[in-house]
Structures are given as structure tokens and as C-alpha cells.
There are 2 protein chains.
Amino acid sequence: MISEKMKAMVANSSAIRAMFEEGNRLAQIYGKEQVYDFSLGNPNVPAPESVKQAIYELLDSTNSIELHGYTTSNAGYLDVRQAVADFLNAQFQTEFTEKNITMTVGAAGGLNVILKALLNPADEVIVFAPYFGEYRSYVSNYDGVLVEVSPNTGDFQPNFEEFEKKITEKTKAVIVNTPNNPTGVVYSENTIKKLASILEKKQEQFGTEIYLISDEPYRDLVYDGVEVPYLTKYYANTVVVYSYSKSLSLPGERIGYLVIPDEVSDSEMLIAAANVATRILGFVNAPTLQQKVVKACLNEKADVSYYNRNRELLYEGLRRLGFECIKPEGAFYLFVKSPIEDEIQFCEDAKKCHILMVPGTSFACPGYVRLAYCVSYETIERSLPEFAKLAAKYK
Amino acid sequence: MISEKMKAMVANSSAIRAMFEEGNRLAQIYGKEQVYDFSLGNPNVPAPESVKQAIYELLDSTNSIELHGYTTSNAGYLDVRQAVADFLNAQFQTEFTEKNITMTVGAAGGLNVILKALLNPADEVIVFAPYFGEYRSYVSNYDGVLVEVSPNTGDFQPNFEEFEKKITEKTKAVIVNTPNNPTGVVYSENTIKKLASILEKKQEQFGTEIYLISDEPYRDLVYDGVEVPYLTKYYANTVVVYSYSKSLSLPGERIGYLVIPDEVSDSEMLIAAANVATRILGFVNAPTLQQKVVKACLNEKADVSYYNRNRELLYEGLRRLGFECIKPEGAFYLFVKSPIEDEIQFCEDAKKCHILMVPGTSFACPGYVRLAYCVSYETIERSLPEFAKLAAKYK
């Protein structure tokens, strides 16, 4: 009796659940320490201590109705939005004001809001494989059509030739995700410039507006001092989707924001539409206490060195065993080439060594697997001998 | 460049915004004390002190990853869901377990989740006028068709004759809201029994399942000891949508839950679909800290006597001036008959006395106006002489 659209999604969701339950089953039989679950992107670094302090101070200093009430605008508290704008301006030499910022229920909420605001049925949204599988659902929620650009497995920068061919007059948006889930790749400034010039050319050719949606939950999780270009500076029709889930380790609290710059085409209308979408999709406003918390913690960050240690250990360990993968510059994922063509079989084989990974097929990139290294260092240490056994199998 | 569907919504939203700005404009000219804004349903009673205590204790006792991380299930923490189930079972002699509870981003989030889970395009959803205008958007989000039953202005219980005629084989759901926004009416047990028997008859006649969605954000705001029947006990295909926005005065925190009982047709499938809908609509999970807060405050309630005093003062005051309205048994709204046919003109006249109200047309019930009395007692006191001037106009 549930909707037809949901039936397939429930079936698919059961597959993910099955993997999760397999992890629990293995843990019960062999003990939790003997199971190496690299399947989940759930941060395991605690929130900075300043988050706790901020909550204490807010409870003491702010009256209940101000702290827990509806915000006057669905976009969120004015002072919080202004603080976010100021923070971005100082960091990226942009010129945002509070009106360019809409506080959201995480990045997933922000993506739904902006797609709701933009899409007519049958509008096309281009994504670059491998991509976060949820984009498929988000675009489908608003009857959009997801158009995939196939993976460039050389360096996982976009495949521009194919991209250019796939832009049509129905292309309403392009989603990029850098640092990338699942590859950990950061798009270089050259990539961004090339992307922008193709989009500008195509806008002119078709006389359309193509919105570039930059999904940036991993912006602040980067290594080796790599720079992540701020996309609004390269292409006018850019909307940024940010989340504090990873940068402040607050994924359960659902707090993030959208940036809709003045330079975006029909900016005022789009901002108003994002406001309405926030309301009618049932978010109403981003959780109020957490809005105030992130304002107080704009300069804080979860301990990225923790993920960096994990990255080094897992990357070096797997390379030594002969696995192929590029070294991620951001996020907390390794995207490893399957030693056999059928990566689903590879994942099955890995389970026998108590290693859980996600098949690349989930990211529209078969032949690869994703390992989330937001686990404990010790888990990685203990897993390496098991990876060695696994590697031996294919020698 | 925004979506066609959104254009009309943005225009409509500007009208609401215009009213809000009119309030600000009047306040700037005449002073805030001389403006009587009854237009907004934003609770003005603080959260119980126990909410603050609960947050302090959670910060001290729970590690950051548990407190702020993703929940294992998108439905929320297992212990929170079990506690909600236990609380309901003790209060209503039901037999829910954790699996029947899905924690949601308020009632607005819950309604979106259940409608996403249920509706195919062109499925019909019946509502009883006057009704909360947002239902129109929520149903439209999933391409459903909203079917209105016209108001029964005698006692604002449902118009059953018309209801029965409007149920078709395409009817997928019926939304009821008791205590009601905008009337404050509580549906009697007789009403619920009659509703259930009609739905059962129609299910049999058409061989369909019709889900009764009980939207209950005002369940705990009732006066004079009135009982609000628990609908799952009267009709098997009932889903309950609850919010702590009013009962704990936490509207900005976005925390509530869905109850999908085992007795509901395809219960397991519907629970799984609600789980998936929570994820793909971008909620992911209800804010985690607030999940734990409501668990700790299940037996707490905002001070309802505050609203009750307001109710008595405004109701008696308006009655004495000759205005017609029924005495609300719950929520914090008075639904007053306009002394002239065109209630929009009445609202305009009221503005000249610095009184802001919402026209009944917004609730599909022209000829009436809604006054939200979740304001200060003093605001009501000061407004009464202005209402007297307004009344004199129509004598």
C-alpha cells in the first residue's frame, strides 16, 4: 500500500540494512574487535570541546523562547546567517550578506531545498560518477532526471568530453562534490575553471541557466595543506551546500547552510523559493540551538589529524599489499580498485575476512570499492593482516 | 528560473510576509505595545526548566559521538523510541514497541515523511475545512490531490454527509487535526467513532486501504479537563503525527514522532518506507540531542494555565463585544465569525486598530478570522478597547 516509487527504494534500503546486520552478526560471533567495518561514513572524532561550552553558555544566557522558538524567517536567525556570511567573506574574499545564507537541516536538507526550488519535472541534473548514491533519490524526489557522466578512473577528475556532450537544453543543474565521496579527490582549480567555461558556453548556446550545486560537507577535511577552490568565485550560477556534520562532528544534529550569492541568476527569487521550500518540505527551520552553536564555533574544527593518521596507515598498508588506489586529499574515504572485475564478489570475499566495504556500483562506478576510514586507528591496524589474506587470494 | 510549482508558492508566501512586515511597520510607528499581533502560532511560554536540566545532564553524561552522531536507524535512537512507546502505552493502554515509533523533524517533518511514503501521483487526501493551510503544500509535494470537505460552522465537527460522498477509490488518506488549528475544537469520541465507521465502510466498498493521519501537535494543550481520544484505538489504519513544539515549547528545535501501529495495513512496509523517506527527504534523522531531551522530559509540559488565562480573557472579552465564536477546548486559537461577509476587509479594518489576524480564507473557511492567543496576557488586555472600537464600526 506504500507508494510505487517507494517500493524499489525500500527494497534497496533492505540491502544496505542487510550489510549493516551482517556486521552485527559477525561481531556477535567473533567479537566486535575482529570485525573491520569500513562501510559507514559516520564520523568517530568527537565534536570540539567548544561545542559543549557553547551549549552551556547559550542555556545560561539566552531565554528559552529565543533559543528554542521558531525563527522569524525560515532561513534561520539573522545574526547566525550574518556571522556565517562574515566568516565566508573573511576566508574566501566573497561579499555575502545574511540574505545569501539559508540555514538548513544538514547538507541533505540543503540539497533537497535547492532541488525543490529549482526543478520542474523532467529537468536534467548532471552528476559525475562516482557520486554519492543519495543524489539519485534527491533528484527523483522532484521528478528530475539524473544524468551520469561516466567515471574518469585515471585521476577521478571529471570526464569533460562526455560532460560537454551530456549538457542539453533540459540541463537545470550540475552537482559537484569536492572533496569527493567516495574517492577523496579534490577538484583542482584547473578543473573548476574548465567546468565553469563549459557551463558558460553551454548557457549561451542554449540560452538557459545552468546552476552549479557544490555539495561541500567535506570542505574542511583536507590533508597536506591542499586548497579547495570556492566555486562561487569561478562561476556566477553557483549554489553552495555546506554541513557541519563532519567539520564539527555533529552529523546527528542536522545543521548546515546554503549559499545563494547575488550573482546567481534570479537570485532574489531563488532565495525566496529556498525559504518556502524549507517550510513546506517540513524542515520549517534548521534546529535553533544548533544554529547558535555553529555561530559560536565558526572557527572550530574536529581533529582532522586523527583522520589523517588513519588515511596514511590504510593507504600505505593497502598499497604495500598490492591494492591500487589514488591517495585521497580530502574526506575520509579510500576508493580502491577491485582486484577482480566483479567488485561485489570482492566485497563478499572480504566479508569472509570480516571486512565490510561498499561496492562501487552504489556510486555508479563498478570495479571499485569504498572504504570509510573514519574508524579507530586500531581497527585499521588489526584489519591489515586480514587484507593481506584477502590479497593473497587473488595472487 | 525557479520551478513553476514554486512560483505561485513564493507569491503566496510574500503575502504572509507582507502581513508580518505590516506588524513591524506598525510597531515602529506606534510602539510594540500598541500593536496586537494575533497572527502567529509561535508559543510564548518558555520550555519547562527540566529541558535545560536535561541538556546539562546529557552533555555531562553522554559522549559526543553518541550524543551528536547519526543514529543507527533513520527512525532515531532505539532507547528514545522505546521510551516514547512506553509512555504512550501507559497513557492510552496501547501496545506499541520501539518499532512503531519514528522520531521526526517536528510534525511538519512527520507529515511529509508519511505522505511521501504513501502517495502515488493523483492519490486523494481528504481534509476538513477549516484546516491548516500547509496541508495543501505537503500533499502537493508528492503530487497528491487535496480534497476539501466544507466547514460545518455549527460546531466545527466534521461534515460527515459531505465527507462520505467525497471518499472515492482514489482516497489514500484523511488528515484530521484535533485539537484543531484554527478552531481550537476537539473532536468528540462520537465524532471519532462515526469517522472510523465511515472509513471502514468505504474501505470495504472500494476494496482499498484508507489511512487516517492524526496530526496532533496540540494534543497536550487542552482546557477544562477535556479528553482527546487516541485515534489508533478506534480505527486500525491510523498513523499519529506528534510534535513537542507546543507541549514542550520547542518549535525551533524540530522534534516530534510518527506512530505507525502494527494494526495498520502493511505496517512493516510502511515503517520501512517512513525510514527511507526520513533519509531521502534530507531529514536523515531527527536532531539527536533533542531526541534525548524529549526522552528525559516525557512527563513534562509547558505551562498550559498561561494559555488558559489568555483564552478566558480573549474569549469572554470578544463575546461581550458581540463577536461570535465557539469556545476552544484546545490549542491556542480563537476562530471568530467576521461581522461582515468579507473577512479580508474585516482584517483590513482591524489593522487600522493595530490588530493583526489571519483571514479564514487561508484555512478554506471564508467569513471567519483566526486569532492566535499565544501572546502575553497584557497584549490581550490592551487589545480589548481596540476590539471595542472595531466592533462599534459594524453596529
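Located above this text is the structure these notes cover.
Residues numbered from 1 in each chain as written. Chains lettered and ligands numbered in written order. Predicted model: local features only at pLDDT ≥ 70, side-chain atom pairs only at ≥ 80, totals over all residues. Heavy atoms only, no water.

**Looking at the sheet that holds strand 9 (residues 333–337) of chain B**
Residues and elements named next belong to chain B. Reading across the sheet, the three strands line up as 9-12-11 and stay open at both edges, with antiparallel pairing between neighbours. Both edges of this open sheet fall to strand 9 and strand 11 (358–359), since each of them pairs with a single strand only. Bridge count for strand 11 against strand 12 (residues 368–372) is two bridges, and the pairing is antiparallel. Bridging from a neighbouring strand, Pro359 pairs with Val369 of strand 12. (Pairing = 2+ DSSP bridges. Helix = DSSP H or I, 4+ residues; strand = E, 2+ residues; numbered from the N terminus.)

**Topic: empty space enclosed by the protein**
Residue and element names in this part refer to chain B. This model, assessed by the stated rule, comprises five cavities of 30 Å³ or more. Lining the largest cavity are 14 residues, and of these Phe128, Ala129, Pro130, Phe156 and Tyr187 sit closest to its centre. Of the residues belonging to the lining of the largest cavity, the class tally is eight nonpolar, six polar and no charged. (1 Å grid on protein atoms, 1.4 Å probe; cavity = no way out; pocket = protein on both sides within 12 Å on 5 of 7 lines; lining within 4 Å. Points joined across faces, edges and corners; volume = space filled by probe spheres on them. Nonpolar A, V, L, I, M, F, W, Y, C, P; charged D, E, K, R; others polar.)

**Focus: the packing of helix 12 (residues 304–320) of chain A against helix 14 (residues 377–393) of chain A**
Residue and element names in this part refer to chain A. One way to put it is that helix 12 packs onto helix 14 with a least axis distance of 10 Å and a crossing angle of 5°. By the angle between their axes, helix 12 is roughly parallel relative to helix 14. Seen from helix 12, the contacting residues are Tyr306, Arg309, Asn310, Leu313, Leu314, Gly317 and Leu318; seen from helix 14, they are Tyr377, Ile380, Glu381, Leu384 and Phe387. (Axes fitted to C-alpha atoms, helices over the stretch in contact; angles between N-to-C directions. Parallel < 35°, antiparallel > 145°, perpendicular 65-115°, else oblique. Contact = heavy atoms within 4.5 Å.)

**Notes on the relation of the copies chain A and chain B**
The two chain copies are related to each other by a rotation about an axis together with a translation along it. The two copies are related by a screw operation: chain A maps onto chain B through 180° of rotation and 0.0 Å of translation along the axis, at an RMSD of 0.0 Å. Taken together, the rotation and translation relating the two chain copies correspond to the operation of a two-fold axis. A symmetric contact is evident, with 100% of the interface residues of chain A recurring at the interface of chain B. (Least-squares fit on C-alpha atoms with pLDDT ≥ 70 in both.)

**Observations regarding the interface of chain A and chain B**
Facing the 76 residues of chain A at the interface are 76 residues of chain B. Across the chain A/chain B interface, buried area totals approximately 6000 Å², and carbon plus sulfur atoms make up 59% of it. Run the count over chain A and chain B and you get two salt bridges. Of the charged contacts, one joins B:Arg279 and A:Glu134 as a salt bridge, the two residues approaching to 2.9 Å between their closest N and O atoms. Run the count over chain A and chain B and you get 42 residue pairs in polar contact (both at pLDDT 80 or more). Mapped onto the side of chain A that touches chain B, the elements with two or more residues apiece are helix 1 (4–30), helix 2 (49–61), helix 3 (64–68), helix 5 (106–118), helix 6 (134–141), helix 9 (244–247), helix 10 (267–280) and helix 11 (288–296) of chain A. Looking at side-chain class alone, the side of chain A that touches chain B contains 39 nonpolar, 22 polar and 15 charged residues. (Buried area = accessible area lost by both parts, 1.4 Å probe. Salt bridge = Lys/Arg side-chain N within 4 Å of Asp/Glu carboxyl O. Polar contact = N/O pair within 3.5 Å; in protein donor to acceptor, adjacent residues only side chain to side chain.)

The analysis is restricted to geometry; functional conclusions fall outside its scope.
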